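Here are the chains, one letter per residue:
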Amino acid sequence: MTIALPKPEVSYRALRMWQRNRDVFLNIWWSEAIWGLVEPVVTLVALGLGLGGFVELQEAESYLKFVAPGLLAVYPMWAASAEAGWGSYFRMENLRTFDAVLATPLSVDDVTTGEIMWAATRGVISSVYILVVITAFNAVESAWAVLVPAIAVAAGALFGSVALCYTAVARSISSLNYFFAVYITPQFWLSGAFFPLEQLPEWVQKVAWWVPAAHVAHIHRALVAGQVSWEVVWDLAWVCVVALLFYCLALALMRRRLIR
């Protein structure tokens, strides 16, 4: 069975879906934010300051400064994916929010787009917070880092679109565990966030090229360290193109799921 990628039929009403999710988040942010606030700091302290004392990098680079930009890739990835994964599934099947919204002038494409927009927003929120934290740890070396939130928009849209594609075909909320175990967790470790990919076998490096988080980590590392080059432009183009492809696929899959 083939799935034709549809032409997006999105209106300004997609913003209403985004606003709905934003309003819910603002009411329960104190419980939603605890994981995203605590774990990156613990990771930075444990790896950057703890394990970093035993790690030697080339040119005497601080391991703390190596890990810090990597966190800008992997934790916003988790935030966006979780929102478009467990969050979207819960709204779709448990709360039946999508059914209620579709009784209004919003279309399926509006709902899908609004969900991805909100997933990207969660990624941006996580990126801004981590950027503040690593700045406090004196791990930011360049003013280019101000572009991190902008990059987080594209990255969050990519991760949110991929997660929503799986959500659209998931038959139970527990089946999302497969997505996070098989797709998200390997990205966490193969993104180059915690160790240089150049030290891995060549075949692993080739596999890592297909890992979205690896491109995002490379962009953030260049921005934070002030080593911006045309390679960063290529990585950003890769992220944007793949995000667009998965966005269109999410539209098709959500249409099949929601239009009965």
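Refer to the structure printed above.
Rules of the game
- Residues numbered from 1 in each chain as written.
- Predicted model: local features only at pLDDT ≥ 70, side-chain atom pairs only at ≥ 80, totals over all residues.
- Heavy atoms only, no water.
- Helix = DSSP H or I, 4+ residues; strand = E, 2+ residues; numbered from the N terminus.
- Rg over C-alpha atoms; globule rule 2.2 N^0.38 Å.
- Buried < 20%, exposed > 50% of the residue type's maximum accessible area, 1.4 Å probe, protein only.
- Contact = heavy atoms within 4.5 Å.
- Areas by Shrake-Rupley, 256 points an atom, 1.4 Å probe, with all protein chains shown as cover.
- Core = buried A, V, L, I, M, F, W, Y, C linked by side-chain atoms within 4.5 Å.
- Phe/Tyr/Trp six-rings, centres within 6.5 Å; stacked < 30°, edge-to-face > 60°.
- Polar contact = N/O pair within 3.5 Å; in protein donor to acceptor, adjacent residues only side chain to side chain.
- 1 Å grid on protein atoms, 1.4 Å probe; cavity = no way out; pocket = protein on both sides within 12 Å on 5 of 7 lines; lining within 4 Å.
- Points joined across faces, edges and corners; volume = space filled by probe spheres on them.
- Nonpolar A, V, L, I, M, F, W, Y, C, P; charged D, E, K, R; others polar.
- Patch = residues over 30% accessible without salt bridge, like charges linked within 9 Å, V, L, I, M, F, W, Y side chains within 5 Å.
- Salt bridge = Lys/Arg side-chain N within 4 Å of Asp/Glu carboxyl O.

Is there a simple way to think about the overall build of the protein in this case?
Along its length, the protein carries nine helices and zero strands. Ordered by position from the N terminus, the helices and strands of the protein form the series α-α-α-α-α-α-α-α-α. For the protein, the C-alpha radius of gyration of 19 Å lies close to 18 Å, the compact-globule estimate for 260 residues. Across its three principal directions, the C-alpha atoms of the protein cover 60 × 40 × 35 Å. When burial is assessed residue by residue, the protein has 49% of its 260 residues classed as buried. Pairs at least 24 apart in sequence give 82% of the contacts found in the protein among residues at least 6 apart. Surface summary for the protein: the accessible area is close to 12900 Å², and the carbon and sulfur share equals 67%.

In this structure, what is going on with the nonpolar core? I would like to understand it.
In globular proteins that are soluble, nonpolar side chains generally tend to be buried together. Core analysis: the biggest nonpolar cluster contains 72 residues, and Leu71, Val74, Ile134, Phe194 and Met254 have the highest contact counts within it. Residue assignment for this core shows that the elements contributing at least two residues are helix 1 (14-50), helix 2 (63-94), helix 3 (97-102), helix 4 (108-136), helix 5 (148-169), helix 6 (176-190), helix 8 (212-225) and helix 9 (230-258). Here the element with the most residues in this core is helix 2; it accounts for 16 residues. When neighbours within four sequence positions are excluded, isoleucine 134 is seen to be in contact with Leu44, Ala68, Leu72, Ala139, Val140 and Val224.

Explain the packing of aromatic side chains here, please?
For any pair of aromatic rings, the description consists of the separation of the ring centres together with the inter-plane angle of the planes. Summed over all chains, the structure comprises 14 aromatic pairs. Among the aromatic residues, those joined into a cluster by ring pairs are Trp78, Trp86, Tyr166, Phe179, Phe180 and Tyr183.

What am I meant to see in the side chain of threonine 167 here?
Tracing the backbone shows threonine 167 in helix 5. Among the polar contacts made by the side chain of threonine 167, one reaches the main-chain carbonyl oxygen of alanine 84 at a distance of 2.8 Å. Excluding residues within four positions of it along the chain, threonine 167 makes contact with Ala84, Gly85, Ser88, Tyr89, Met92, Leu176 and Arg257.

In this structure, what is going on with empty space enclosed by the protein? I would like to understand it.
The gaps left among the atoms become clear once a water-sized probe is rolled over them. Counting across every chain of the model gives one cavity of 30 Å³ or more. In this model, the largest cavity occupies a volume close to 40 Å³. For the lining of the largest cavity, the secondary-structure elements that each account for two or more residues are helix 2, helix 4, helix 5 and helix 8. When its residues are assigned to classes, the lining of the largest cavity shows eight nonpolar, four polar and no charged.

Help me out: how do you make sense of a nonpolar patch on the surface in this one?
The grouping of Ile34, Trp35, Leu37, Val38 and Val42 at the surface amounts to a nonpolar patch, some 430 Å² of accessible area in total. As for its placement among the helices and strands, valine 38 is situated in helix 1. A relative accessible area of 41% places valine 38 in the partly exposed class.

I tried to follow the environment of valine 148 on my own but got confused; where do I start?
In this structure, valine 148 sits in helix 5. Since its relative accessible area comes to 0%, valine 148 is described here as buried. Remark: the alpha-carbon pair of valine 148 and proline 69, spanning 79 residues in sequence, is separated by 9.7 Å. Those residues in contact with valine 148, other than ones at most four positions away along the chain, are Leu72, Ser127, Leu131, His220 and Leu223.

Sorry, what's going on with unusual backbone geometry here?
Positive phi is not limited to glycine here, since arginine 96 has a value of about 55 degrees. Along the polypeptide, arginine 96 turns up in the loop between helix 2 and helix 3.

Scope: geometric values only; no functional claims are made or implied.
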